[in-house]
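So the chains spell out like this:
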Amino acid sequence: MVKVVDQVTEPKRKRFNKNKKKAWRKKADITEVEERLEEQRREERYGGPLEERKDSEMMFVDLGDGEGEASQADQENEEFTLEYTVDEVPGSAGEVKLKPRKVKLKTPKLKSHQFINGLPGAKPPHKPRKKQGTLTVAMKKKKELQSKDPKQIKKRKEAVKQMLGDLQRKTKRPKSVISSKYTTDLWEEGADEVTQECKKKGLEESFIGSISDYYRRQRRMKPIKVPKIRHVPTSKLDPVSIPHAGASYNPSHQSHQKLLLRAVKQEEKRLKKIRKIEKATIKMFPTIDKAPTAKSWLTEMSEGLPKAYEEEEETEEPAEDCEEQENEENLDQQQNGEQNEETLPLQQNGEQGEQQAMNSKTVVVSNDSVTVSSKPITERKTKKVRRKEKRQKLQKLKKLKEKEDRIRSSNIYKLKTYQKEIASEEMEEQKRSASRRAHKEQLKFMPRRLANMKFEEEEIPVNLGDELADSLRTVVPAVELLEERFKNMQRRNLLEPRLKHKLKRKYKPKVVLKRGHREELAKMEKMEFSD
């Protein structure tokens, strides 16, 4: 049995989250909005919506089959006449002139330009401005009423006079501008409103500048102070360097040899660096065949020590020699003991008696210990000795002063030598400053140290005589363009020298076997043992 369904239920709309912009863009249905906008645009093209259009715009009266005479406007729209034709003048080299047609040719207008002045019936997007002097019906009526009322005429005259005065005031320059007598300078410090207000309130001038700066800075009226080196170029090198003449696809012999020499020098410098590192690392240590063995180490460490056969000979010496030596040592010790028991006064030879007394000390030496007297023997100075020392000191100072005056007076005669010395020092200083300036100027053409690494020049692209191309078709680019631009920016101090970053683990990665893999490995081991 067939069941008839009268009503069809609409399918349920899919539900989705709308809490993110991604869902708005992808899942939102905007077909209805687009259809409505498209319909609105179509209505605007055909003269606006139907509700706002008049009946006369949408309908017209049919006067016949169109066999009657068409209006002049319709004829102009349909076709236009060609009255002239192009003709060549005989006996001239391609000279052309216009020749009137015998029968005027009528051609239809191009349809591609039919909507150039807008669609028929469409409203203009903006209302056209009325020309000066055109009056509407309402304005004409108003003017007629005003011409009859004398009060309105008077008001109108006053209004016109006021308008003319305002216009003259705008166009006329002030007297201060004409005579160029300015009372205040706009660019002078303290000419702004804040400083003027501060001066009216009677604030001190020391505070006015800081207040004005703070106000202008907070209101962002003061321009940011740009550093002096902001517009100074980082390098004087050209952005695009011209390659060497020897790098051409068809270079001259001389330029090619010069480029080869530069490449050889660069390679020698690189090899010299490598040799220096090898000398300090690899060549510093001996090779395997010259490495020290246990036997060589033992012989080196035992240098200067008595050998085994010498020790044996010493043990075989007779015991009598040993006894004689012991007796001699005992006798020496006894003699030394007798001498040490005596007292030895220590005195220093000097000019003054006081120093002798101060420095003289008694020393008693015995077998067990050595004793020294703590207080030296001193003698008290008399007044006579003190006066004599004072007099000698003053005489010494007087002599030194006289010597200094004598040297100073004699220096007057050395003015020429001093002038020569000063001139030579100034010349040396000028030379040093010139060399410093030259060095500073030279640094502008060289890469600076901007990072931990130094700038390294790229290898000079050079082809040997056998590698030069025979024709332009077989020429291969010598350098990578991006790499060359990158190096150029580093050379001009726009980028710092850098290396490709390598990730380094700070920890050792832990290797763990999964449980399933562990079980499988255990089964495989059992199978191997069973076999």
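Everything numeric in this text was worked out from a predicted model, so none of it was measured. (Residues numbered from 1 in each chain as written. Predicted model: local features only at pLDDT ≥ 70, side-chain atom pairs only at ≥ 80, totals over all residues. Heavy atoms only, no water.)

Caption draft 1: Here's a closer look at the overall build of the chain. Broken down by element type, the chain carries 18 helices and five strands. By residue count, 6% of the 531 residues in the chain fall in the buried class. (Helix = DSSP H or I, 4+ residues; strand = E, 2+ residues; numbered from the N terminus. Buried < 20%, exposed > 50% of the residue type's maximum accessible area, 1.4 Å probe, protein only.)

Caption draft 2: Quick look at the environment of Phe207. For Phe207, the position within the fold is in helix H9 (residues 205-218). For Phe207, a relative accessible area of 47% gives the class partly exposed. Remark: the alpha-carbon pair of Phe207 and Thr195, spanning 12 residues in sequence, is separated by 9.9 Å.

Caption draft 3: Just the confidence of the model for the chain, in detail. Overall, the prediction assigns the chain a mean pLDDT of 75, with 66% of residues at 70 or greater. The low-confidence segment residues 66-70 (pLDDT under 50) makes one contact with residues lying over four places distant or belonging to another chain. Confidence drops under pLDDT 50 across residues 339-354; counting only partners more than four residues distant or on other chains, this segment forms 19 contacts. (pLDDT = per-residue confidence, 0-100. Contact = heavy atoms within 4.5 Å.)

Caption draft 4: Spotlight on unusual backbone geometry. Although it is not a glycine, Asn493 sits at a positive phi angle of roughly 65 degrees. Within the secondary structure, Asn493 sits in the loop between helix H17 (481-491) and helix H18 (515-530).

Caption draft 5: Representation of the side chain of Asn493. The exposure class of Asn493 is buried, given its relative accessible area of 7%. Within the structure, Asn493 has its side chain in polar contact with the backbone nitrogen of Arg448 (distance 2.8 Å). (Polar contact = N/O pair within 3.5 Å; in protein donor to acceptor, adjacent residues only side chain to side chain.)

Caption draft 6: Spotlight on the environment of Ser248. If you trace the backbone, Ser248 turns up in the loop between H9 and helix H10 (253-281). Classification of Ser248 as partly exposed rests on a relative accessible area of 31%. C-alpha separation for the pair Ser248 and Leu468, spaced 220 residues apart in sequence, amounts to 9.3 Å. Within polar-contact distance, the side chain of Ser248 engages the backbone nitrogen of Asn250 at 3.3 Å.

Caption draft 7: Local environment of the pattern of salt bridges. Under the criterion given, the structure shown has 14 salt bridges. With its nearest N and O atoms 3.3 Å apart, the salt bridge here joins Glu389 to Lys381. Taking relative accessible area as the criterion, Glu389 reaches 33% and is therefore assigned partly exposed. Overall, the relative accessible area of 26% leaves Lys381 in the partly exposed class. Notably, a salt bridge pairs Glu429 with Arg432, separated by 2.8 Å at the nearest N-O pair. Taken as a pair, Glu429 and Arg432 lie in helix H16 (residues 415-443) at a separation of three residues, close to a single helical turn. A relative accessible area of 40% means that Arg432 is categorised as partly exposed. A single salt-bridge network, built from bridges that share partners, covers Lys236, Glu441 and Lys444. (Salt bridge = Lys/Arg side-chain N within 4 Å of Asp/Glu carboxyl O.)

Caption draft 8: Fine view of the packing of helix H8 (residues 193-201) against H9. Contact geometry of H8 with H9 gives a least axis separation of 9 Å together with a crossing angle of 140 degrees. When the interaxial angle is binned, H8 and H9 end up oblique. Crossing hand, H8 versus H9: right-handed. Facing Val194, Thr195, Cys198 and Lys199 of H8, the residues of H9 in contact are Ile208, Ile211, Ser212 and Tyr215. Classifying every residue of the contact of H8 with H9 gives five nonpolar, two polar and one charged. (Axes fitted to C-alpha atoms, helices over the stretch in contact; angles between N-to-C directions. Parallel < 35°, antiparallel > 145°, perpendicular 65-115°, else oblique. Left-handed = near helix turned anticlockwise from the far one by under 90°. Nonpolar A, V, L, I, M, F, W, Y, C, P; charged D, E, K, R; others polar.)

Caption draft 9: Representation of a nonpolar patch on the surface within the structure. Together, Ile412, Tyr413, Leu415, Tyr418 and Ile422 give the surface a local cluster of nonpolar side chains, amounting to about 580 Å² of exposed area. Examined against the element boundaries, Tyr418 turns out to sit in helix H16. (Patch = residues over 30% accessible without salt bridge, like charges linked within 9 Å, V, L, I, M, F, W, Y side chains within 5 Å. Areas by Shrake-Rupley, 256 points an atom, 1.4 Å probe, with all protein chains shown as cover.)

Caption draft 10: Inspection of a negative patch on the surface at higher detail. Judged by side-chain charge, Asp29, Glu32, Glu34, Glu35 and Glu39 come together as a negatively charged surface patch. Along the chain, the position of Glu39 falls in helix H2 (residues 31-45). (Lys, Arg positive; Asp, Glu negative; His and termini not counted. Charge placed at Lys NZ, Arg CZ, Asp CG, Glu CD.)

Caption draft 11: Expanded view of the side chain of Arg492. The residue Arg492 is located in the loop between H17 and H18 in this model. At 8.6 Å, Asp238 is the nearest oppositely charged side chain to Arg492, a buried residue that forms no salt bridge. Of the polar contacts made by the side chain of Arg492, one reaches the side chain of Asn488; its length is 2.9 Å. Setting aside its immediate chain neighbours within four residues, Arg492 contacts Thr234, Ser235, Leu237, Asp238 and Pro239.

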